[in-house]
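In case you want the letters, here they are:
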Amino acid sequence: MSHLTNYGLSEALLNNLLVYLKDSSARVRHQAVVGFEKTGMPSYATNLEPLLNDSIRQVRIAAARYFTMLNIPMIENTPFDQAQQEYVTALDVNADFAGGQHQIALYHQAKGNIDLAIEANRKSVKFDNYYNQSKMNLAFLLYQTGKIDETETLYLDVIKQEPDFSYAHYMLGLLYHELGNTTKAKQYLLSATTAQPPNENAFYNYSLILQQEGALQEAIDFLNHALVTFPNSERLLYAKLVAELNSEQPDLAKTTLSKLIELSPTNNEYQQLYNNLQTSQ
(Lines give C-alpha, C1' and ligand atoms only; values in the text may rest on other atoms or scores of the structure.)
Protein backbone atom coordinates (compact mmCIF):
# COMPACT_ATOMS: atom_id res chain seq x y z
CA MET A 1 0.00 0.00 0.00
CA SER A 2 2.91 2.32 0.72
CA HIS A 3 4.30 1.91 -2.80
CA LEU A 4 0.88 2.01 -4.45
CA THR A 5 -0.05 5.33 -2.89
CA ASN A 6 3.19 6.93 -4.06
CA TYR A 7 1.58 7.23 -7.49
CA GLY A 8 -1.37 9.34 -8.53
CA LEU A 9 -4.43 7.14 -7.99
CA SER A 10 -7.80 7.51 -9.64
CA GLU A 11 -10.83 8.37 -7.53
CA ALA A 12 -12.21 4.88 -8.16
CA LEU A 13 -9.05 3.21 -6.84
CA LEU A 14 -8.92 5.51 -3.83
CA ASN A 15 -12.51 4.62 -3.03
CA ASN A 16 -11.52 0.95 -3.19
CA LEU A 17 -8.82 1.64 -0.59
CA LEU A 18 -11.36 2.96 1.92
CA VAL A 19 -12.07 -0.56 3.14
CA TYR A 20 -8.53 -0.76 4.56
CA LEU A 21 -9.32 2.02 7.02
CA LYS A 22 -11.37 -0.63 8.85
CA ASP A 23 -8.88 -3.49 8.48
CA SER A 24 -8.32 -5.72 11.51
CA SER A 25 -4.57 -4.99 11.32
CA ALA A 26 -3.43 -1.73 12.90
CA ARG A 27 -0.48 -1.66 10.51
CA VAL A 28 -2.81 -1.75 7.53
CA ARG A 29 -5.11 0.92 9.00
CA HIS A 30 -2.08 3.11 9.70
CA GLN A 31 -0.69 2.78 6.18
CA ALA A 32 -4.11 3.43 4.71
CA VAL A 33 -4.31 6.73 6.59
CA VAL A 34 -0.79 7.65 5.44
CA GLY A 35 -1.83 6.84 1.89
CA PHE A 36 -4.81 9.19 2.01
CA GLU A 37 -2.58 11.92 3.45
CA LYS A 38 -0.30 11.53 0.41
CA THR A 39 -3.22 12.35 -1.88
CA GLY A 40 -3.47 15.83 -0.38
CA MET A 41 -7.24 15.53 -0.70
CA PRO A 42 -9.33 16.78 2.26
CA SER A 43 -12.45 15.19 0.76
CA TYR A 44 -11.75 11.98 2.68
CA ALA A 45 -11.91 13.70 6.08
CA THR A 46 -15.26 12.14 6.95
CA ASN A 47 -13.83 8.67 6.32
CA LEU A 48 -10.73 9.30 8.41
CA GLU A 49 -12.29 11.12 11.35
CA PRO A 50 -13.34 7.89 13.17
CA LEU A 51 -9.68 6.83 13.29
CA LEU A 52 -8.96 9.68 15.69
CA ASN A 53 -10.57 7.30 18.22
CA ASP A 54 -8.72 4.19 17.04
CA SER A 55 -7.58 1.78 19.74
CA ILE A 56 -3.96 2.03 18.56
CA ARG A 57 -1.96 5.21 19.15
CA GLN A 58 0.02 4.96 15.89
CA VAL A 59 -3.24 5.06 13.94
CA ARG A 60 -4.62 7.96 15.99
CA ILE A 61 -1.43 9.94 15.38
CA ALA A 62 -1.57 9.25 11.65
CA ALA A 63 -5.17 10.47 11.58
CA ALA A 64 -4.25 13.64 13.49
CA ARG A 65 -1.41 14.22 11.04
CA TYR A 66 -3.81 13.88 8.09
CA PHE A 67 -6.00 16.69 9.43
CA THR A 68 -2.97 18.81 10.37
CA MET A 69 -1.04 18.47 7.11
CA LEU A 70 -4.12 19.14 4.99
CA ASN A 71 -5.15 22.13 7.13
CA ILE A 72 -8.62 20.73 7.78
CA PRO A 73 -10.37 22.76 10.51
CA MET A 74 -11.20 20.67 13.57
CA ILE A 75 -12.80 23.14 15.96
CA GLU A 76 -13.96 21.87 19.36
CA ASN A 77 -13.23 18.28 18.37
CA THR A 78 -12.09 16.42 21.48
CA PRO A 79 -10.82 13.25 19.73
CA PHE A 80 -8.73 15.38 17.38
CA ASP A 81 -7.34 17.49 20.24
CA GLN A 82 -6.32 14.36 22.12
CA ALA A 83 -4.79 12.68 19.07
CA GLN A 84 -3.04 15.93 18.15
CA GLN A 85 -1.43 16.04 21.59
CA GLU A 86 -0.21 12.47 21.10
CA TYR A 87 1.19 13.55 17.73
CA VAL A 88 3.07 16.50 19.25
CA THR A 89 4.41 14.29 22.05
CA ALA A 90 5.71 11.79 19.48
CA LEU A 91 7.46 14.63 17.67
CA ASP A 92 9.15 15.73 20.90
CA VAL A 93 10.25 12.17 21.74
CA ASN A 94 12.05 11.84 18.39
CA ALA A 95 13.55 15.35 18.32
CA ASP A 96 17.12 14.10 18.80
CA PHE A 97 17.13 12.38 15.41
CA ALA A 98 17.42 13.81 11.89
CA GLY A 99 14.13 12.14 10.94
CA GLY A 100 12.47 13.54 14.02
CA GLN A 101 13.54 17.09 13.20
CA HIS A 102 12.29 16.56 9.66
CA GLN A 103 8.84 15.66 10.97
CA ILE A 104 8.89 18.67 13.29
CA ALA A 105 9.71 20.85 10.29
CA LEU A 106 6.74 19.46 8.35
CA TYR A 107 4.49 20.08 11.34
CA HIS A 108 5.58 23.72 11.65
CA GLN A 109 5.29 24.17 7.89
CA ALA A 110 1.70 22.91 7.95
CA LYS A 111 0.96 25.36 10.75
CA GLY A 112 2.44 28.23 8.72
CA ASN A 113 5.46 28.68 11.04
CA ILE A 114 8.04 28.88 8.26
CA ASP A 115 10.91 30.18 10.39
CA LEU A 116 10.50 27.28 12.84
CA ALA A 117 10.29 24.85 9.91
CA ILE A 118 13.55 26.19 8.48
CA GLU A 119 15.20 25.92 11.89
CA ALA A 120 14.10 22.30 12.30
CA ASN A 121 15.30 21.39 8.81
CA ARG A 122 18.70 22.95 9.53
CA LYS A 123 18.93 20.89 12.73
CA SER A 124 18.06 17.76 10.79
CA VAL A 125 20.81 18.35 8.22
CA LYS A 126 23.26 19.18 11.03
CA PHE A 127 22.43 15.85 12.70
CA ASP A 128 22.88 13.97 9.41
CA ASN A 129 24.30 15.65 6.29
CA TYR A 130 22.94 12.78 4.19
CA TYR A 131 19.33 13.25 5.32
CA ASN A 132 18.30 14.67 1.98
CA GLN A 133 14.58 14.78 2.70
CA SER A 134 15.34 17.70 4.97
CA LYS A 135 17.69 19.30 2.45
CA MET A 136 14.95 19.18 -0.17
CA ASN A 137 12.40 20.66 2.19
CA LEU A 138 14.85 23.30 3.43
CA ALA A 139 15.66 24.31 -0.14
CA PHE A 140 11.97 24.70 -0.93
CA LEU A 141 11.37 26.91 2.12
CA LEU A 142 14.47 29.00 1.49
CA TYR A 143 13.30 29.61 -2.08
CA GLN A 144 10.02 30.93 -0.68
CA THR A 145 11.96 33.37 1.49
CA GLY A 146 14.06 34.59 -1.45
CA LYS A 147 17.35 32.84 -0.59
CA ILE A 148 17.99 31.64 -4.14
CA ASP A 149 21.73 30.98 -3.91
CA GLU A 150 21.41 28.69 -0.89
CA THR A 151 18.45 26.95 -2.54
CA GLU A 152 20.54 26.18 -5.62
CA THR A 153 23.45 24.97 -3.49
CA LEU A 154 21.24 22.56 -1.55
CA TYR A 155 19.70 21.03 -4.68
CA LEU A 156 23.14 20.60 -6.26
CA ASP A 157 24.40 18.97 -3.05
CA VAL A 158 21.53 16.47 -3.06
CA ILE A 159 22.23 15.63 -6.72
CA LYS A 160 25.92 15.11 -5.89
CA GLN A 161 25.01 12.71 -3.08
CA GLU A 162 22.09 11.04 -4.87
CA PRO A 163 22.59 11.53 -8.63
CA ASP A 164 19.64 9.29 -9.51
CA PHE A 165 17.08 11.08 -7.32
CA SER A 166 14.54 12.56 -9.74
CA TYR A 167 12.99 15.16 -7.46
CA ALA A 168 16.27 17.01 -6.88
CA HIS A 169 16.79 17.31 -10.65
CA TYR A 170 13.16 18.36 -11.08
CA MET A 171 13.18 21.07 -8.41
CA LEU A 172 16.48 22.47 -9.70
CA GLY A 173 15.03 22.54 -13.21
CA LEU A 174 12.03 24.49 -11.92
CA LEU A 175 14.34 26.88 -10.10
CA TYR A 176 16.34 27.63 -13.25
CA HIS A 177 13.13 28.08 -15.23
CA GLU A 178 11.91 30.63 -12.66
CA LEU A 179 15.26 32.41 -13.02
CA GLY A 180 14.91 32.52 -16.81
CA ASN A 181 17.75 30.08 -17.52
CA THR A 182 15.93 27.88 -20.05
CA THR A 183 19.03 25.92 -21.04
CA LYS A 184 19.72 24.70 -17.52
CA ALA A 185 16.00 24.27 -16.85
CA LYS A 186 15.69 21.88 -19.78
CA GLN A 187 18.88 20.06 -18.76
CA TYR A 188 17.68 19.24 -15.25
CA LEU A 189 14.03 18.63 -16.14
CA LEU A 190 15.15 16.15 -18.79
CA SER A 191 17.53 14.39 -16.40
CA ALA A 192 14.65 14.18 -13.91
CA THR A 193 12.66 12.15 -16.44
CA THR A 194 15.35 9.46 -16.56
CA ALA A 195 16.01 9.31 -12.80
CA GLN A 196 14.04 7.56 -10.05
CA PRO A 197 11.33 7.54 -8.90
CA PRO A 198 9.34 8.29 -12.08
CA ASN A 199 8.35 11.94 -11.95
CA GLU A 200 5.22 12.88 -13.88
CA ASN A 201 5.71 16.60 -13.23
CA ALA A 202 9.16 16.54 -14.84
CA PHE A 203 7.71 15.12 -18.06
CA TYR A 204 4.89 17.65 -17.99
CA ASN A 205 7.04 20.73 -17.43
CA TYR A 206 9.68 19.70 -19.96
CA SER A 207 6.97 19.17 -22.59
CA LEU A 208 5.58 22.65 -21.90
CA ILE A 209 8.99 24.22 -22.57
CA LEU A 210 9.23 22.30 -25.85
CA GLN A 211 5.83 23.63 -26.86
CA GLN A 212 6.78 27.17 -25.89
CA GLU A 213 9.82 26.82 -28.16
CA GLY A 214 7.59 25.66 -31.02
CA ALA A 215 8.94 22.10 -31.01
CA LEU A 216 5.42 20.64 -31.16
CA GLN A 217 6.21 17.26 -32.71
CA GLU A 218 9.10 16.74 -30.32
CA ALA A 219 6.74 17.54 -27.45
CA ILE A 220 4.18 15.02 -28.76
CA ASP A 221 6.81 12.29 -29.13
CA PHE A 222 8.15 13.06 -25.66
CA LEU A 223 4.66 12.91 -24.11
CA ASN A 224 3.95 9.62 -25.84
CA HIS A 225 7.07 8.28 -24.14
CA ALA A 226 5.88 9.69 -20.78
CA LEU A 227 2.43 8.11 -21.18
CA VAL A 228 4.02 4.65 -21.26
CA THR A 229 4.80 5.16 -17.58
CA PHE A 230 1.76 7.31 -16.75
CA PRO A 231 -0.96 6.04 -19.12
CA ASN A 232 -3.84 7.58 -17.17
CA SER A 233 -2.33 11.00 -16.51
CA GLU A 234 -4.92 13.60 -17.45
CA ARG A 235 -2.32 16.37 -17.31
CA LEU A 236 0.04 14.66 -19.74
CA LEU A 237 -2.79 13.76 -22.09
CA TYR A 238 -4.09 17.32 -22.05
CA ALA A 239 -0.61 18.71 -22.79
CA LYS A 240 -0.38 16.25 -25.68
CA LEU A 241 -3.81 17.35 -26.92
CA VAL A 242 -2.75 21.01 -26.98
CA ALA A 243 0.37 20.16 -28.99
CA GLU A 244 -1.68 18.08 -31.45
CA LEU A 245 -4.24 20.85 -31.92
CA ASN A 246 -1.56 23.51 -32.39
CA SER A 247 0.26 21.32 -34.92
CA GLU A 248 -3.04 20.75 -36.78
CA GLN A 249 -3.23 17.00 -36.31
CA PRO A 250 -7.00 16.52 -35.72
CA ASP A 251 -7.01 12.73 -35.99
CA LEU A 252 -4.39 12.38 -33.27
CA ALA A 253 -6.24 14.99 -31.19
CA LYS A 254 -9.48 13.00 -31.46
CA THR A 255 -7.73 9.86 -30.24
CA THR A 256 -6.30 11.77 -27.28
CA LEU A 257 -9.69 13.33 -26.54
CA SER A 258 -11.29 9.88 -26.52
CA LYS A 259 -8.88 8.84 -23.78
CA LEU A 260 -9.53 12.04 -21.84
CA ILE A 261 -13.31 11.51 -22.08
CA GLU A 262 -12.82 7.96 -20.83
CA LEU A 263 -10.84 9.23 -17.83
CA SER A 264 -13.12 12.19 -17.11
CA PRO A 265 -16.58 11.51 -18.58
CA THR A 266 -18.18 14.48 -16.80
CA ASN A 267 -15.81 17.02 -18.37
CA ASN A 268 -17.99 18.80 -20.93
CA GLU A 269 -14.99 20.64 -22.42
CA TYR A 270 -13.50 17.40 -23.72
CA GLN A 271 -16.77 16.30 -25.30
CA GLN A 272 -17.29 19.72 -26.91
CA LEU A 273 -13.78 19.73 -28.38
CA TYR A 274 -14.33 16.25 -29.75
CA ASN A 275 -17.64 17.28 -31.34
CA ASN A 276 -16.03 20.36 -32.88
CA LEU A 277 -13.29 18.24 -34.46
CA GLN A 278 -15.89 15.81 -35.78
CA THR A 279 -17.94 18.53 -37.50
CA SER A 280 -14.90 20.37 -38.91
CA GLN A 281 -13.62 17.36 -40.84
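Scroll up a little and you will see the structure.
All values derive from a computational prediction rather than experimental measurement.

> Please provide a residue-by-residue account of the nonpolar core, values included.
Counting 41 residues, the largest nonpolar core has Tyr 155, Leu 172, Phe 203, Leu 236, Leu 257 and Leu 260 as its most contacted members. With sequence-adjacent residues up to four places away left out, Leu 257 is seen in contact with Leu 241, Tyr 270, Leu 273, Tyr 274 and Leu 277. Core analysis: the next-biggest nonpolar cluster, separate from the first, contains 33 residues, Leu 48, Leu 91, Ala 95 and Ala 110 among them.

> Now, about the pattern of salt bridges: what can you tell me, with residues and values included?
By the definition in use, this model includes 9 salt bridges. For Lys 123, the salt bridge goes to Glu 119, with nearest N and O atoms at 3.8 Å. Linking Lys 123 with Glu 119, this pair stays in helix α7 (residues 114–127), spanning 4 residues, or about one helical turn. Note on Lys 123: relative accessible area 36%, which makes it partly exposed. For Glu 119, a relative accessible area of 41% gives the class partly exposed.

> Please provide a residue-by-residue account of the environment of Gln 278, values included.
Position of Gln 278 among the secondary structure elements: in helix α16 (residues 268–280). Exposure remark for Gln 278: the relative accessible area of 40% places this residue in the partly exposed category. A C-alpha to C-alpha distance of 9.4 Å links Gln 278 and Asp 251, two positions 27 residues apart in sequence.

> Describe a nonpolar patch on the surface, and please don't skip the residues or the numbers.
Among the surface-exposed residues, Met 1, Val 19 and Tyr 20 lie close enough to one another that they form a single nonpolar patch of about 250 Å² accessible area. We classify Val 19 as exposed; its relative accessible area is 52%.

> So, the packing of aromatic side chains: which residues are in play, and what are the values?
For the structure shown, the criterion picks out 10 aromatic pairs. Judged by centre distance (4.8 Å) and plane angle (45°), the ring pair of Phe 36 and Tyr 44 falls under tilted. Here the two residues Phe 36 and Tyr 44 agree in accessibility, since each one is buried. Judged by centre distance (5.4 Å) and plane angle (35°), the ring pair of Phe 203 and Phe 222 falls under tilted. One end of the pair, Phe 203, is in helix α12 (residues 200–212); the other, Phe 222, is in helix α13 (residues 216–229), with 19 residues separating them in the sequence. You'll find Phe 203 and Phe 222 in the same group, each marked buried. Through pairs of rings, three or more aromatic residues link up here, namely Phe 203, Tyr 206, Phe 222 and Phe 230. A cation over an aromatic ring shows up here: Arg 235 above the ring of Tyr 204, its NZ or CZ 3.9 Å from the ring centre.

> I'd like to hear about the side chain of Asp 54, residue by residue, with values.
With respect to the helices and strands, the residue Asp 54 is situated in the loop between α3 (45–48) and α4 (57–69). Classification of Asp 54 by relative accessible area gives buried; the value is 11%.

> I'd like a rundown of the packing of helix α10 (residues 166–178) against α12, residues and numbers included.
Running from amino to carboxyl end, α10 crosses α12 at an angle of 30°, the nearest separation of the two axes being 10 Å. With respect to each other, α10 and α12 are oriented roughly parallel. Regarding α10 and α12, the two cross each other, and that crossing is left-handed. When α10 is examined against α12, the residues Tyr 170, Leu 174 and His 177 are found in contact with a partner set consisting of Asn 201, Ala 202, Asn 205, Ile 209 and Gln 212. For the contact of α10 with α12, a count of residues per class yields 4 nonpolar, 4 polar and no charged.

> Can you tell me about the packing of helix α5 (residues 78–93) against helix α6 (residues 98–110), naming the residues and giving the values?
When two helices pack together, their arrangement is given by the angle between their axes and by how far apart the axes lie. Packing of α5 against α6 leaves a shortest axis separation of 9 Å and a crossing angle of 140°. Classed by the angle they form, the pair α5 and α6 counts as oblique. Every residue of α6 that contacts α5 at Gln 84, Tyr 87, Val 88 and Leu 91 is listed here: Gln 103, Ile 104 and Tyr 107. A breakdown of the residues in the contact of α5 with α6 according to their chemical character gives 5 nonpolar, 2 polar and no charged.

Cut-offs used in this document
- Residues numbered from 1 in each chain as written.
- Predicted model: local features only at pLDDT ≥ 70, side-chain atom pairs only at ≥ 80, totals over all residues.
- Heavy atoms only, no water.
- Core = buried A, V, L, I, M, F, W, Y, C linked by side-chain atoms within 4.5 Å.
- Buried < 20%, exposed > 50% of the residue type's maximum accessible area, 1.4 Å probe, protein only.
- Contact = heavy atoms within 4.5 Å.
- Salt bridge = Lys/Arg side-chain N within 4 Å of Asp/Glu carboxyl O.
- Helix = DSSP H or I, 4+ residues; strand = E, 2+ residues; numbered from the N terminus.
- Patch = residues over 30% accessible without salt bridge, like charges linked within 9 Å, V, L, I, M, F, W, Y side chains within 5 Å.
- Areas by Shrake-Rupley, 256 points an atom, 1.4 Å probe, with all protein chains shown as cover.
- Phe/Tyr/Trp six-rings, centres within 6.5 Å; stacked < 30°, edge-to-face > 60°.
- Lys NZ or Arg CZ within 6 Å of the ring centre and 35° of its normal.
- Axes fitted to C-alpha atoms, helices over the stretch in contact; angles between N-to-C directions.
- Parallel < 35°, antiparallel > 145°, perpendicular 65-115°, else oblique.
- Left-handed = near helix turned anticlockwise from the far one by under 90°.
- Nonpolar A, V, L, I, M, F, W, Y, C, P; charged D, E, K, R; others polar.

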